[in-house]
Amino acid sequence: MVHLQNIEVDFSGRKIFAQVSWHLRPGERIGLCGENGAGKSTLLKLLCGQVEADRGEVIVARGATIGYLPQDGLSYRGRSLFDEVRSACGELLALGDEIRQLEQEIAGGAGDDRLERYAQVQEAFHHGGGFTLEADIARVLHGLGFSEAERQKPCEQFSGGWQMRIALARLLLQRPNLLLLDEPTNHLDLPARDWLESYLSSYPGTVMLVSHDRFFMDQVVQRIVEVWNGGLTEYPGNYSLYLQERERRVSALRQAKEQQDEEIARIEAFINRFRYQANKASQVQSRVRQLEKIERIQIPPQRRRIAFRFPTPPRSGKYLIVLEQAGQRYGEQRVLQGVELTVQRGERLALVGANGAGKSTLMRLISGVEQPSSGQRIIGHQVELAYFAQDQAKVLNPTRTVLEEITASSPVDMVPRLRDVLGSFLFSGDDVHKSVSVLSGGERNRLALAILLLRPANLLLLDEPTNHLDLQSKEVLLDALKSYSGTLVFVSHDRYFVDALATRVVEVKDGKASSWPGNYTDFLRAKQALGEDGHAQQRVETSALLTQNEEKGADKENRKQEHARRREGQKQQRKLEKTLQELELRIEELEQRRQQVEKELAAPQLYSDTLAFNSKSAEYNGLGELLDECYAQWEVLQEQLAVLE
């Protein structure tokens, strides 16, 4: 599909890629890995044509379409959400307009050429998904967390994270042959990530992505390409397998380099010893040439990682925070109501739910930053609380240096150890004198976390602590939190992080908070047992839902029956989708065979053989009848799917 041939890319004198030749095959799902700044985003931009190589060539197969989603920076305005996403399918919409125009011409008595064109356009419209476009748009918007009420909302009213969801929806509906995604999960909550994971796992084209979400990578990709030292190294399998194989490879490289270094040292010693002896001149020159021919083994650098341990916290009472019938509203908007929650010593609570459901609001109630508008918050005995807000990095003073900022927040007894603390968070050497204003998002988060850890706390509240952290930094933060002896309440949209850490999941939905023992996988399994395939995949107006729930007062048995009906419908939908996919493959095979027979019928020598001509003609007509039957079945299946959706 795409071939890189001897590619070289230089940025400001630094070689990003050096003589890279690599082939991207159709249908692959590839994850790009590498240190920050290694060139992952550059490679994506190179493939989609946004960056040009200084040398070499990017060869794209004829007819290939490429779609690219950057990390951020996209915004839309001037249309409603639905119209904006629909406009991404411009070619398909143009075919629809042409079909309507041709229908008018045919009704007015147009000739056979118009009928022939009408058949061609309608077939192309069919093949492109034109008859299911509206349903496809609704499905994608729902999966990415947009409510039905938001479909007519002007795009300019959506925030930056939701703008990127709009961009992702547009891209998915375009269905390019090659999908390039740079951190697609950055702005997605857990339900939307689950949906996107499922969507990409069955995507018919080629997918290449960069992601700091380990679970997402494990579920989606089939091959890892590591970007390092100006080159690309391939590893079969997902991210977890890549980590194992990379460690084995690096260990083998280290051993080989040790042997090579010993050999080089022996050769250099011989050269230095006999350099000025005439009777050894030919042997010395031979060794010099031998030394020049040796291709030096390069070893990937030891990855710098955050390495820290939390201070030993003071012991608290059994119950740290209790919320009794707690609610919160902002003006007329009710976000939480009647929340009953007890945080016990040693627990690790993960708050999950769709964006806008009230997770951060609940975190602020637990922390005491906000007082509940109804009910009460009770704090336990000897609770020492530390709270990392979602926008914690924004409270840093941009006029200070890294060292000045952490010193301003430090207890006096910790001042002598501040450089060691900063070193643990990858701020070493001159980095500590960087201005806070020039730090990246990941650096700001690391600094904010370092400041948080200066004071021991037995209740740690973390709202999206992994934002902007790379995979390695997440791993070490996870290791540190596993060894933390206090109590933890956290919000994270990283499935691997939640699974590895949580002992209890609190789902925030419809203004309520319900508890489920275990991690996120246990939570999903329990929900599925009740007939749900996951928690809310759609952002909703919480206050409106609360009012509806109060009015309906549906009992538990009715909900179970509804879950069972929904599950049966989903089962039928999956079965129909599988049948539809098989039918589409059959149609494609028949179309290809029909085109081949058509070419054979066009050969002049065929007309001299009557039997052969009659046979080919019969085959061509038979293929046409089979295609008509298949298209009829396809339409029936599409109608059945539309009813289920």
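This structure is a prediction, so every number in the text was calculated from the model and none was measured.

Asks: Before we move on, could you go through the overall build of the protein chain and cite the residues and values that matter?
Replies: Along its length, the protein chain carries 20 helices and 18 strands. Dimensions of the protein chain, computed from C-alpha atoms along their principal axes, come out at roughly 100 × 100 × 40 Å. Here the analysis covers contacts within the protein chain between residues at least 6 apart in sequence; of these, 69% occur between residues at least 24 apart. Here the protein chain carries 82 positive and 91 negative side-chain charges, and the mean point of each set is 8 Å from the other.

Asks: Help me get a handle on the packing of aromatic side chains, residues and values and all.
Replies: A full pass over the atoms with the stated rule returns 11 aromatic pairs. Aromatic pair F490 and F497: ring centres 5.9 Å apart, planes at 85°, arrangement edge-to-face. Through a chain of ring-to-ring contacts, three or more aromatic side chains come together here, namely F146, F158 and W162. Across the ring face of F158, the terminal group of K153 is positioned such that the distance to the ring centre comes to 4.6 Å. Across from the ring centre of W162, 4.0 Å away, lies the NZ or CZ of R165, which sits over that ring.

Asks: So what about the pairing of strand 9 (residues 231-236)? Which residues, and what values?
Replies: Pairing geometry for strand 8 (residues 223-228) and strand 9, over six bridges, is antiparallel. For R223, the partnering residue across the bridge sits in strand 9 and is P236. The hairpin turn running from strand 8 into strand 9, its antiparallel successor, is two residues long, and N229 in that turn takes a positive phi close to 55°.

Asks: Requested: an account of the pattern of salt bridges, with residues and values cited.
Replies: Evaluation of the coordinates by the stated rule reveals 35 salt bridges. In this structure, the salt-bridge partner of R246 is E226, at a minimum N-O distance of 2.4 Å. You can see R246 sitting in helix 9 (residues 239-274) and its partner E226 sitting in strand 8, a full 20 residues away along the chain. According to the relative accessible area criterion, R246 is buried, its value standing at 11%. Judged by its relative accessible area of 2%, E226 is buried. Salt bridges here are not isolated pairs; linked through shared partners, they connect E8, D10, K15 and R55.

Asks: Any chance you could break down the packing of helix 6 (residues 160-174) against helix 7 (residues 190-201) for me, citing the residues and the numbers?
Replies: Taken N-terminus to C-terminus, the directions of helix 6 and helix 7 make an angle of 20°; their axes are 13 Å apart at the nearest point. The angle between helix 6 and helix 7 falls in the class roughly parallel. Relative to helix 7, helix 6 is oriented so that their crossing is left-handed. Residues R165, L168 and L172 of helix 6 touch helix 7, and the partners they reach there are A192, W195, L196, Y199 and L200. Split into classes, the residues belonging to the contact of helix 6 with helix 7 amount to seven nonpolar, no polar and one charged.

Asks: Would you mind going over the sheet that holds strand 12 (residues 348-352) in detail, with residue names and values included?
Replies: Taken together, six strands build an open sheet; the order of strands is 14-15-16-12-17-18 and the sheet is mixed. Edge positions in the sheet fall to strand 14 (385-388) and strand 18 (512-517), since each of these pairs with one other strand and no more. Going across the sheet, the axis of each strand differs from the next one's by a mean of 15°, ignoring polarity. Where strand 14 and strand 15 (residues 459-463) come together, four bridges link them in parallel fashion. Within strand 15, the residue paired with A386 across the bridge is L460. Strands in contact with helix 14 (residues 441-452) are strand 14 and strand 15; relative to strand 14, the strand with the most contacts, it is inclined by about 175°.

Asks: An account of helix 6 is requested, with residue identities and associated values reported.
Replies: In this model, helix 6 (15 residues) spans 22 Å end to end at C-alpha, consistent with the 21 Å of a helix rising 1.5 Å per residue. Of all 15 residues making up helix 6, 12 are buried, and the element is well covered by its neighbours. For helix 6, the set of buried residues is W162, Q163, M164, R165, I166, A167, L168, A169, R170, L171, L172 and L173. Next to the buried residues of helix 6 lie strand 5 (66-69), helix 2 (81-86), helix 5 (133-143), strand 6 (178-182) and helix 7. Looking one or two places after helix 6, you find R175, whose phi comes out positive at around 50°.

Asks: Explain the sheet that holds strand 6 residue by residue, including any values.
Replies: Consider a sheet: its strands pair through backbone hydrogen bonds, and that pairing is either parallel or antiparallel. Read across the sheet, six strands follow the order 5-6-7-3-8-9 without closing on themselves; strand pairing throughout is mixed. In this open sheet, the two edge strands, each paired with only one partner strand, are strand 5 and strand 9. The average undirected angle you get between the axes of adjacent strands in this sheet is 20°. Sitting on the sheet, helix 1 (residues 40-48) touches strand 3 (29-33), strand 5, strand 6, strand 7 (206-210), strand 8 and strand 9, and the angle it makes with strand 6 is about 150°. Contacting strand 3, strand 8 and strand 9, helix 9 crosses the sheet at an angle of about 115° to strand 9.

Asks: Go over the side chain of E464 with me, naming the residues and quoting the values.
Replies: Here E464 shows up in the loop between strand 15 and helix 15 (471-483). Although E464 is buried, it makes no salt bridge; R193 carries the closest opposite charge, 6.0 Å away. For E464, the contacting residues outside a window of four places in its chain are F388, Q390, N445, V491, S492 and H493.

Asks: I'd love a proper account of the environment of G380, names of residues and values included.
Replies: Residue position: G380 is located in the loop between strand 13 (374-379) and strand 14. In this structure, the C-alpha to C-alpha distance between G380 and S202, residues 178 residues apart in sequence, is 49 Å. Beyond its immediate sequence surroundings of up to four residues, G380 is in contact with Y319 and L320.

Asks: Residue-level account of the nonpolar core, with values.
Replies: Formed by 51 residues in total, the largest nonpolar core has its most connected members in L200 and L209. It is helix 6 that provides the largest number of residues to this core, a total of nine residues. Not counting residues within four places of it along the chain, the set of residues in contact with L200 comprises R29, L172, L179, L181, V207, L209, F216 and V220. In terms of nonpolar packing, the next biggest core, distinct from the first, is built from 47 residues, F425, V432, V505 and Y520 among them.

Asks: Explain helix 14 to me, and be specific about the residues and the numbers.
Replies: The end-to-end C-alpha distance of helix 14 is 17 Å, a good match for the 16 Å that 12 residues give at a rise of 1.5 Å each. Taken together, the buried positions of helix 14 are G442, E443, N445, R446, L447, A448, L449, A450, I451 and L452. Where helix 14 is buried, its residues meet strand 14, helix 12 (402-408), helix 13 (418-424), strand 15 and helix 15.

Asks: Break down the side chain of N445 for me, with residues and values.
Replies: Structurally, N445 can be placed in helix 14. In this structure, N445 is in contact with F388, A393, E464, P465, N467 and H468, ignoring residues within four places of it in sequence.

Asks: Please provide a residue-by-residue account of the confidence of the model for the protein chain, values included.
Replies: Of the residues in the protein chain, 91% reach a pLDDT of 70 or more, and the chain-wide mean stands at 84. Throughout residues 534-556 the model reports pLDDT below 50, and contacts reaching past four residues in sequence, or to other chains, amount to 54 contacts.

Asks: Can you break down the packing of helix 5 against helix 6 residue by residue, with the values?
Replies: Interaxial distance between helix 5 and helix 6 falls to 10 Å at its minimum, and their mutual angle equals 140°. With respect to helix 6, the axis of helix 5 lies oblique. Judged by the twist between their axes, the crossing of helix 5 over helix 6 is right-handed. For the pair helix 5 and helix 6, contact is made by D136, I137, V140 and L141 and by A169, L172 and L173, respectively. Looking at side-chain class alone, the contact of helix 5 with helix 6 contains six nonpolar, no polar and one charged residues.

Rules of the game
Residues numbered from 1 in each chain as written. Predicted model: local features only at pLDDT ≥ 70, side-chain atom pairs only at ≥ 80, totals over all residues. Heavy atoms only, no water. Helix = DSSP H or I, 4+ residues; strand = E, 2+ residues; numbered from the N terminus. Contact = heavy atoms within 4.5 Å. Lys, Arg positive; Asp, Glu negative; His and termini not counted. Charge placed at Lys NZ, Arg CZ, Asp CG, Glu CD. Phe/Tyr/Trp six-rings, centres within 6.5 Å; stacked < 30°, edge-to-face > 60°. Lys NZ or Arg CZ within 6 Å of the ring centre and 35° of its normal. Pairing = 2+ DSSP bridges. Salt bridge = Lys/Arg side-chain N within 4 Å of Asp/Glu carboxyl O. Buried < 20%, exposed > 50% of the residue type's maximum accessible area, 1.4 Å probe, protein only. Axes fitted to C-alpha atoms, helices over the stretch in contact; angles between N-to-C directions. Parallel < 35°, antiparallel > 145°, perpendicular 65-115°, else oblique. Left-handed = near helix turned anticlockwise from the far one by under 90°. Nonpolar A, V, L, I, M, F, W, Y, C, P; charged D, E, K, R; others polar. Expected span 1.5 Å × (residues − 1). Core = buried A, V, L, I, M, F, W, Y, C linked by side-chain atoms within 4.5 Å. pLDDT = per-residue confidence, 0-100.

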